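Spelled out from the first residue to the last, the chains are:
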Amino acid sequence: LYVRVDSARRVVVDSTYAGRDYAQYSRLPLYGAVSDVPSISVNESISQERAIVELQSLYAVTPDRDYLLSLLSRIDVNQGVSSVDNGISQEVSVKTGAVLKEQQTVKSIVHLQPYRTFLEVEQPASDFLLRLDKEGRPALYEADGGAWKLEAKRNIAAYLAEKLADLVERGSVVVMI
């Protein structure tokens with residue numbers, strides 16, 4: 001059997017070559033597994049409330065996740081947010097009460113660990129570009145070039161190789177990416 005990690009969210013088990021004619025080079029798909037983790041909001045501005053809920057429910061606890069939660073909880077949307085943006089970093093005026101404002105430089109890149117693959121394996125952490133629009137709505141943009149997908153595939157393959165070690169050693173199962 002061939003256990004193939006197709007993507008960060010899909011694993012397929014195939015047979016060896018079908019039939020006696022190996023010129024066909026076709027395998028029969030036997031089983032498939034698809035991760036059902038909910039997707040995270042990326043590349044779009046979302047409300048503060050939705051961002052806070054997603055950060056608390058769809059991301060592992062990390063220092064940057066806690067930083068974002070703290071930042072988002074101090075933005076007063078009713079009074080608005082003013083920002084200075086030079087393309088590399090942003091300075092955002094955040095209300096600290098009814099009258100006082102606090103200038104705070106917002107980290108442009110945050111290192112987060114969202115749940116994006118099978119929960120049995122280590123979730124890959126990656127960088128995200130944080131942007132706040134004029135209304136203070138946050139948006140996260142993937143800033144790792146999709147490297148998390150390859151890391152997730154490696155984590156899944158390592159997990160399966162460990163769990164199926166006796167079958168792999170006997171030559172009955174091949175785990176591949």
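Residues numbered from 1 in each chain as written. Predicted model: local features only at pLDDT ≥ 70, side-chain atom pairs only at ≥ 80, totals over all residues. Heavy atoms only, no water.

Some thoughts on the packing of aromatic side chains
Alright, step 1. Applying the stated criterion across every chain, the model contains 0 aromatic pairs.
Alright, step 2. Across the ring face of Tyr67, the terminal group of Lys107 is positioned such that the distance to the ring centre comes to 4.9 Å.
Alright, step 3. Note that Arg116 overlies the ring of Trp148, its terminal NZ or CZ placed 3.9 Å from the centroid. (Phe/Tyr/Trp six-rings, centres within 6.5 Å; stacked < 30°, edge-to-face > 60°. Lys NZ or Arg CZ within 6 Å of the ring centre and 35° of its normal.)

Brief notes about the confidence of the model for the protein
Alright, step 1. Counting all residues, the mean pLDDT for the protein is 86, and 85% of those residues have values of 70 or more.
Alright, step 2. For the protein, per-element mean pLDDT is lowest for strand S6 (residues 101–106), which scores 66, and highest for helix H3 (residues 147–163), which scores 97.
Alright, step 3. Under a pLDDT of 50 for its full length, residues 96–101 has, in the predicted model, 7 contacts with residues more than four places off or in other chains. (pLDDT = per-residue confidence, 0-100. Helix = DSSP H or I, 4+ residues; strand = E, 2+ residues; numbered from the N terminus. Contact = heavy atoms within 4.5 Å.)

Looking at empty space enclosed by the protein
Alright, step 1. This model, assessed by the stated rule, comprises 1 cavity of 30 Å³ or more.
Alright, step 2. When contributions to the lining of the largest cavity are tallied by element, the ones reaching two or more residues are helix H1 (48–58), helix H2 (63–73) and strand S9 (138–142).
Alright, step 3. Its residues assigned to classes, the lining of the largest cavity shows 10 nonpolar, 1 polar and 2 charged. (1 Å grid on protein atoms, 1.4 Å probe; cavity = no way out; pocket = protein on both sides within 12 Å on 5 of 7 lines; lining within 4 Å. Points joined across faces, edges and corners; volume = space filled by probe spheres on them. Nonpolar A, V, L, I, M, F, W, Y, C, P; charged D, E, K, R; others polar.)

A short note on the pattern of salt bridges
Pairs may arise between side chains of opposite charge once their charged atoms sit close together.
Alright, step 1. Applying the stated criterion to the full structure yields 8 salt bridges.
Alright, step 2. Residue Arg116 pairs with Glu142 through a salt bridge whose shortest N-O separation is 3.5 Å. Residue Arg116 is located in the loop between strand S7 (109–112) and strand S8 (126–132), and its partner Glu142 is located in strand S9; the two are separated by 26 residues in the primary sequence.
Alright, step 3. Using a relative accessible area of 2% as the deciding quantity, one classes Arg116 as buried.
Alright, step 4. In this structure, a network of salt bridges that share partners links the residues Arg4, Asp6, Arg10 and Asp14. (Salt bridge = Lys/Arg side-chain N within 4 Å of Asp/Glu carboxyl O. Buried < 20%, exposed > 50% of the residue type's maximum accessible area, 1.4 Å probe, protein only.)

So, the nonpolar core
What tends to happen in soluble globular proteins is that the nonpolar side chains get buried as a cluster.
Alright, step 1. Membership of the largest hydrophobic core comes to 20 residues, with the highest contact counts inside it found for Tyr59, Leu68, Val106, Val110, Leu112 and Leu140.
Alright, step 2. Among the elements of the structure, H1, H2, S7 and S8 are those that each provide at least two residues to this core.
Alright, step 3. Of all the elements, H2 adds the most residues to this core, at 5 residues.
Alright, step 4. Other than its neighbours up to four places away in sequence, Tyr59 contacts Ile40, Glu54, Arg65, Leu112, Gln113, Pro114, Tyr115 and Leu140. (Core = buried A, V, L, I, M, F, W, Y, C linked by side-chain atoms within 4.5 Å.)

Remarks on the packing of H1 against H2
Alright, step 1. Interaxial distance between H1 and H2 falls to 10 Å at its minimum, and their mutual angle equals 155 degrees. Comparing their axes, H2 and H1 come out roughly antiparallel. When you trace H1 past H2, the crossing you get is left-handed. Contacts between H1 and H2 involve Gln48, Ala51, Ile52, Leu55 and Gln56 from the first element and Arg65, Leu68, Leu69, Leu72 and Ser73 from the second.
Alright, step 2. Here the contact of H1 with H2 is built from residues that sort into 6 nonpolar, 3 polar and 1 charged. (Axes fitted to C-alpha atoms, helices over the stretch in contact; angles between N-to-C directions. Parallel < 35°, antiparallel > 145°, perpendicular 65-115°, else oblique. Left-handed = near helix turned anticlockwise from the far one by under 90°.)

As for the sheet that holds S9
Alright, step 1. Here 3 strands make up an open sheet; going across it, the order is S7-S8-S9 and the pairing antiparallel. The open sheet has two free edges, formed respectively by S7 and S9, since each of these has just one partner strand. Each strand of the sheet is rotated relative to its neighbour by a mean of 40 degrees, with strand direction disregarded.
Alright, step 2. Bridge analysis of S7 against S8 gives 4 bridges, and the strand direction is antiparallel. Bridged to Leu112 within S8 is Ser126.
Alright, step 3. Of the strands in this sheet, S7, S8 and S9 are in contact with H2, which crosses S7 at around 125 degrees. (Pairing = 2+ DSSP bridges.)

Things to note about the sheet that holds strand S2 (residues 10–17)
Alright, step 1. Read from one edge of the open sheet, 4 strands run S3-S2-S1-S10, paired in mixed fashion. At either end of the open sheet lies a strand with only one pairing partner, and these are strand S3 (27–34) and strand S10 (174–176). If you compare each strand with its neighbour and ignore which way they point, the axes differ by 20 degrees on average.
Alright, step 2. The sheet contact formed by strand S1 (residues 2–7) and S10 spans 3 bridges and is parallel. Paired with Tyr2 across the bridge in S10 is Val174.

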